[in-house]
Amino acid sequence: MTTQSRILIKGGKVVNEDFSEMADVFIEDGVISAVGSDLQVAAGTWVIDATDRLVLPGGIDTHTHMELSFMGTTAVDDFHTGTKAAVAGGTTMILDFVIPQKGCSLLEAYERWRTRADPKVCCDYSLHMAVTWWDDTVKKEMETLVHEKGVNSFKMFMAYKDVFMLRDHELFAVFAQCKETGAIAQVHAENGDLIAEGAKRMLSLGITGPEGHEMCRPEEVEAEATQRAITIAHAANCPLYVVHVMSKSAAKVVANARRNGRVVFGEPIAAGLGTDGTHYWHKDWAHAASFVMGPPLRPDPSTPGYLMDLLANDDLSVTGTDNCTFSVCQKALGKDDFTKIPNGVNGVEDRMSVIWEKGVHSGKMDENRFVAVTSTNAAKIFNLYPRKGRIAKGSDADLVIWDPKATRVISAKTHHQAVDYNIFEGMLCHGLPVVTISRGKVVYENGQLFTNPGAGQYIPRKPFAEFVYNRINQREKVGKPSAVCREPYTGEIISVAPKR
Ligand code: URP
Ligand code: ZN
Ligand code: ZN
Ligand code: ZN
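Residues numbered from 1 in each chain as written. Chains lettered and ligands numbered in written order. Predicted model: local features only at pLDDT ≥ 70, side-chain atom pairs only at ≥ 80, totals over all residues. Heavy atoms only, no water.

(A) Structural detail: helix H13 (residues 351-361). Among the eleven residues of H13, nine are classified as buried, and the element is accordingly described as predominantly covered. Taken residue by residue, H13 has Arg351, Met352, Ser353, Val354, Ile355, Trp356, Glu357, Gly359 and Val360 as its buried positions. Glycine 363, located one to two residues past H13, shows a positive phi value of around 90 degrees. (Buried < 20%, exposed > 50% of the residue type's maximum accessible area, 1.4 Å probe, protein only. Helix = DSSP H or I, 4+ residues; strand = E, 2+ residues; numbered from the N terminus.)

Here is the structure:
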């Protein structure tokens, strides 16, 4: 009898971030037990033919918001539909955000998110925590989250004034606590004060449509905040991860900082790599509104290609999606005022195909860099490596068999997400997942899903990821400022009249 607890993937080309090789992969009980040729496997092993195909580490989406309640409504893709769609697209792990309201307990919000996600997830997942306010209880809770709950990444908002936004002195305090606990600080980098002023101005000019969303927060609003976050993180000697890098200007800031030796990582997302902000000017309001997210897509149509170039040469490091899906009737909350359009787009299902199409098919990156930016770098930054992000003996059996020659056209009519549009509608993609394996089980094969809600697991992460912290720790040791030794000053001192 063939059993799914043992699978042999035969005849494929195994692609890791550092090299590719013709090799078979033997999976037993959810783990890769051997990679090589002429593997001896037990009778009854299920054999999958991967001739002419690539065998890749399953994708890791670093940035999702399943069933997030935000701007007066709740994202339609929950942990069930969202992770089903993920595996249909070759992604086998998501990192979602817990976002507590200002003044609320981070730990309670974490437990609530686990209770929601655990019974629904069809693939493994992990959690980032947003820090939306600051005091000593938050500081303590961050420590508990790191030591007891497996959270090693904290996101701070520099936008969403009066809702989630932190001020610079608070950012410094949170960054310092991240550094103390071995976590990585993440920022949503946009200047929230300038957005508020810009929005008022657009509305006063009678600009109420989605184009106002972009015009009230031009590129420099993102670039300024990105630079400020990098400066504050450097002052705290804290590693920094800039989520959803959406503009050329912000990407240049990240690239420059990396070239100046800062420990900073930039995350472009599928939306920013695959489409652009010209859609905000579309005559059909619903079409234009479906692209609304923060920071916005940029109207300069050369932006996606530029971000892909930087991703290809390691100025940018890793890709997510910011998947946060609101259907058209939800977007319509802002039909008369763009500031009320719920922010968020799709991407969790299409990220791998979009990056293959715009990155590999276009000739900007090779298959190994594709693996690095869709899986391995995420695993390294968030301390999941080599359990995730690698095809090797002992790694989790999260893999995707990829057909680089197959094509499909992305459409909301055929996608697996709950949202009723797709921002990549009509995009022809070369390179498709044909089989997705999660925890050693085939969960997707040739268009058919075999998922089980609750089959995925929460993956706790340890602090002090070496990939991130080796440099930080060494700088801490050798980079301490020291005073100049000198004789005390013994000369005259002016006298200052006491203040009355
Ligand atoms: O528009 C977005 N990005 N929605 C989700 C929340 C966030 O800022 O990541
Ligand atoms: Zn954000
Ligand atoms: Zn359009
Ligand atoms: Zn987000």
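(B) Quick peek at the coordination of the zinc ion (ligand 2). Only Lys155 (NZ), His188 (ND1) and His244 (NE2) from the protein coordinate the zinc ion (ligand 2), and they sit 2.1 to 2.3 Å from it. Expressed as a motif, the donor residue spacing for the zinc ion (ligand 2) is K-x32-H-x55-H. Separating the zinc ion (ligand 2) from the zinc ion (ligand 4) is a gap of 3.7 Å. Here the residue lysine 155 occupies a position in strand E13 (residues 153-157), and histidine 244 occupies one in the loop between strand E15 (240-242) and helix H8 (248-259), the gap between them amounting to 89 residues. (Donors = N, O, S within 2.8 Å, 3.2 Å for Na, K, Ca; no water.)

(C) Looking closely at the sheet that holds strand E2 (residues 13-15). Sheet architecture is open: seven strands sit in the order E3-E2-E7-E17-E18-E19-E20, paired in mixed fashion. Edge strands, defined here as strands with exactly one partner in the open sheet, are strand E3 (20-22) and strand E20 (448-449). Bridge analysis of strand E17 (residues 399-409) against strand E18 (residues 428-438) gives eight bridges, and the strand direction is antiparallel. Paired with threonine 407 across the two strands is histidine 430, which belongs to E18. (Pairing = 2+ DSSP bridges.)

(D) Seen up close, the coordination of the zinc ion (ligand 3). The protein atoms that coordinate the zinc ion (ligand 3) are His279 (ND1) and His287 (NE2), at distances of 1.9 to 2.0 Å. Given the relative accessible area of 22%, histidine 279 is considered partly exposed.

(E) Focus on the packing of helix H3 (residues 136-148) against helix H4 (residues 168-181). With their axes 10 Å apart at the nearest point, H3 and H4 run at an angle of 30 degrees to one another. Compared by their axis directions, H3 and H4 come out roughly parallel. For the crossing formed where H3 meets H4, the hand is right-handed. On H4, the residues touching Lys139, Met142, Glu143 and Val146 of H3 are Val174, Gln177, Cys178 and Thr181. Considered class by class, the residues forming the contact of H3 with H4 number four nonpolar, two polar and two charged. (Axes fitted to C-alpha atoms, helices over the stretch in contact; angles between N-to-C directions. Parallel < 35°, antiparallel > 145°, perpendicular 65-115°, else oblique. Left-handed = near helix turned anticlockwise from the far one by under 90°. Contact = heavy atoms within 4.5 Å. Nonpolar A, V, L, I, M, F, W, Y, C, P; charged D, E, K, R; others polar.)

(F) Structural context of the sheet that holds strand E12 (residues 124-130). The sheet built from seven strands is open, its strands ordered E8-E11-E12-E13-E14-E15-E16 with parallel pairing. With partners counted over all chains shown, the strands left at the sheet margins are strand E8 (59-64) and strand E16 (264-266), one partner each. On average, each strand axis in the sheet is tilted by 25 degrees relative to the strand beside it, whichever way the strands run. Pairing analysis gives three bridges linking strand E14 (residues 184-188) to E15, with the strands arranged parallel. Looking at E15, one finds that alanine 185 is bridged to leucine 240. Each of E14, E15 and E16 is contacted by helix H7 (residues 219-235), which is oriented at about 170 degrees to E15, the strand it contacts most. Where H8 meets the sheet, it contacts E15 and E16, and its direction lies at approximately 150 degrees from that of E16.

(G) Representation of the site of ligand 1. Taken together, 14 residues lie near ligand 1, and His65, Lys155, His188, Gly294 and Asp322 sit nearest. Separating an oxygen atom of ligand 1 from a side-chain N or O atom of histidine 188 is a distance of 3.0 Å. In this structure, ligand 1 is accommodated by the largest cavity. The class makeup of the residues in the shell around ligand 1 is five nonpolar, seven polar and two charged. (Near = heavy atom within 4 Å. Polar contact = N/O pair within 3.5 Å; in protein donor to acceptor, adjacent residues only side chain to side chain. 1 Å grid on protein atoms, 1.4 Å probe; cavity = no way out; pocket = protein on both sides within 12 Å on 5 of 7 lines; lining within 4 Å. Sits in = over half its atoms within 2 Å of the grid points.)

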